[in-house]
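# Tertiary structure, described
Take a look at the letters that make up each chain.
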Amino acid sequence: MAPSILSDAVPASMLSSADGPGCANSTVFRPEFRVSGKYLGWNVPAEEIHHIPEHWLGFEEPEPYMHYLLGLLYICFMFVALSGNGIVIWIFTCAKSLRTPSNMFVVNLAILDFLMMAKTPIFIYNSFNLGFALGGYGCQIFAFIGSVSGIGAGVTNAAIAFDRYRAIARPFDGKLSAGKVLIILALIWGYTLPWALFPLLGTWGRYVPEGFLTSCSFDYLTNTAENKIFVMMLFFFSYVIPMFMICFYYAQIVNHVFDHEKALREQAKKMNVDSLRSNQNSNQASAEVRIAKAAITVCFMFVASWTPYAVCALIGAFGNKALLTPGVTMIPACTCKAVACIDPWVYAISHPKYRLELQKRLPFLRINEPDPPADTKSEGTVATTEG
């Protein structure tokens, strides 16, 4: 790996292993030691090299097929996510039955997921050009959009969890009005934008390439007190707080569902009947089970998609940087993109009214959703906004 390559080029006394591979401060920036095809960054122009953390410059350049495979994977991600989230935005904004205040959160989440994948052409171009092809400007655009969409999606999911908690566990408090939802959405964007703008403007932190130098994110490798504080603050406000809210509110929803079912069973037992539910209420029971399942699914998706990035950031700032190889850090980059592809299908699976609209507007999908009974009242987003 990287240490042996560097040791072949320079005396051992010039190498520093304190921060892991790639941190030979006086060597990796010298062109004679960035031999074509050996190190990451070998094809980066001299005026662009300062954008790249030294950590990456001591690793071997991956085989071209690795770049091409990731490029093809991102093309698939982009097609699935843009089409799926585009359909969600279209149907939720055009269908009258879906234009409810609660569903404004769903639309906001779909817009953020759409933005996250709209920047992937930068990654794809870099991949098929084997590295940092679009330079510093492309990196800043890629990372800024990624920060806005990633942090915003996490906070929006937390707002959706809160809305579902109010609607299901505390129905007598009333649903959120359109005005209140708009205020919450404004707060979400106001909460998100500063964390994305600080590194872009160079106020606090910075955006840098990572992994194979084809994607960019905030700098979690620079070993300064200021940067470590930024990483910790970003970890707490963009990961810990949304994670806590999502898990807390969905746990309350699941507890409410099970407590309700338990109460019904106990009352039925006292009355010596099999069930207190009529046939009319059986669909509601099924909806409550779907809600519980969707809640668990959402929590799992959030944990699976953003935890790898959070772990990488903490290792880079406070742990053993040698663990962060280019290949390892490309895994979180893929997991957070995958969830943007999955979200629209969660809507489709969990929302009967959304499936009905899909069936009407895109009949070639052959969804075959049965029409609801005429006297069935809409529950807004009873089983969907968990997506």
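Here's a quick rundown of the structure. (Residues numbered from 1 in each chain as written. Predicted model: local features only at pLDDT ≥ 70, side-chain atom pairs only at ≥ 80, totals over all residues. Heavy atoms only, no water.)

## Observations concerning the packing of helix α3 (residues 64–94) against helix α11 (residues 352–361)
Here α3 crosses α11 at 100 degrees, and the two axes come no closer than 11 Å. Classified by the angle between their axes, α3 and α11 sit roughly perpendicular to one another. Touching Ile87, Val88, Trp90, Ile91, Phe92 and Cys94 of α3 are Tyr354, Glu357, Leu358 and Arg361, all from α11. Considered class by class, the residues forming the contact of α3 with α11 number eight nonpolar, no polar and two charged. (Axes fitted to C-alpha atoms, helices over the stretch in contact; angles between N-to-C directions. Helix = DSSP H or I, 4+ residues; strand = E, 2+ residues; numbered from the N terminus. Parallel < 35°, antiparallel > 145°, perpendicular 65-115°, else oblique. Contact = heavy atoms within 4.5 Å. Nonpolar A, V, L, I, M, F, W, Y, C, P; charged D, E, K, R; others polar.)

## So, the pattern of salt bridges
Using the criterion set out here, one finds three salt bridges in the structure. Between Asp163 and Arg164 there is a salt bridge; the shortest N-O distance is 2.9 Å. Both residues of the pair, Asp163 and Arg164, belong to the buried class. Two residues, Arg361 and Glu357, come together in a salt bridge whose shortest N-O distance is 3.1 Å. In this pair, Arg361 and Glu357 are both assigned in helix α11, four residues apart and thus about one turn of the helix distant. Residue Arg361 is classed as partly exposed on the basis of its relative accessible area, which comes to 31%. On the accessibility criterion, Glu357 (9% relative accessible area) is buried. (Salt bridge = Lys/Arg side-chain N within 4 Å of Asp/Glu carboxyl O. Buried < 20%, exposed > 50% of the residue type's maximum accessible area, 1.4 Å probe, protein only.)

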